[in-house]
Amino acid sequence: ASKKPFALYGLTLDTHGSHPSPRCKEDNILEDDGTIVDSVRCTDYLLDKFLSCVLDEDSKQGNNTIIIVSSDHHAMSYANPQRLQNVGPRRNTMFVLGNGQPKTHTRLGTMM
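Described in the following lines is the structure provided in the data block. What you see is a predicted model; the values in this text were computed from it and never measured.

1. Topic: a nonpolar patch on the surface
- A contiguous nonpolar surface patch, about 490 Å² in accessible area, is contributed by F6, L8, L47 and F50.
- By the secondary structure assignment, L8 is in the segment before α1 (22–26).
- Of the residues examined, L8 reaches a relative accessible area of 69% and is grouped as exposed.

Right under this line is the structure:
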């Protein structure tokens, strides 16, 4: 494996509808309610498995990996409009993991 720095970009569309990954069905993660909640549950599960694996391996290799997770927009209105009205101010999400990045910041900004 190369020791040169690199970037890997990923995009998940699983939460843009109610079609969770087959892996979540295989791992018995879903409630099979046919709603976007299962898609979110599945994405959360798969992302946790991926991040845990990367950060665990990185800890063995010198802790030089930085992971940036960012939303591209607020929750879609079809997700559950009634529930979205009761959650308070809606915000985009961005956080950084790895390489000594434990701090949380709240700042006004844009995803553009």
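Past the structure itself, the notes keep going.
2. As for the pattern of salt bridges
- Counted under the stated rule, the structure contains 4 salt bridges.
- For D38, the salt bridge identified is with R41, shortest N-O distance 2.4 Å. Residue D38 and its partner R41 are both found in helix α2 (residues 36–61); the two are separated by 3 residues, about one turn of the helix.
- For D38, a relative accessible area of 2% translates into the label buried.
- Among the residues examined, R41 registers a relative accessible area of 24% and is labelled partly exposed.
- The network of salt bridges with common partners includes E31, D38 and R41.

3. A look at unusual backbone geometry
- At N28, a residue that is not glycine, the phi angle is positive and equals roughly 60°.
- Tracing the backbone shows N28 in the loop between α1 and α2.

4. Re the pairing of strand β1 (residues 67–70)
- What you see with β1 is a clean split: I67 and V69 sit on the buried side and I68 and S70 on the side with no burial.
- As paired strands, β1 and strand β2 (residues 94–97) are joined by 4 bridges and run antiparallel to one another. Across the sheet, V69 pairs through a bridge with F95, a residue of β2.

Reading the values: rules and limits
- Residues numbered from 1 in each chain as written.
- Predicted model: local features only at pLDDT ≥ 70, side-chain atom pairs only at ≥ 80, totals over all residues.
- Heavy atoms only, no water.
- Patch = residues over 30% accessible without salt bridge, like charges linked within 9 Å, V, L, I, M, F, W, Y side chains within 5 Å.
- Areas by Shrake-Rupley, 256 points an atom, 1.4 Å probe, with all protein chains shown as cover.
- Salt bridge = Lys/Arg side-chain N within 4 Å of Asp/Glu carboxyl O.
- Helix = DSSP H or I, 4+ residues; strand = E, 2+ residues; numbered from the N terminus.
- Buried < 20%, exposed > 50% of the residue type's maximum accessible area, 1.4 Å probe, protein only.
- Pairing = 2+ DSSP bridges.

Taken by themselves, the reported measurements are silent on function.
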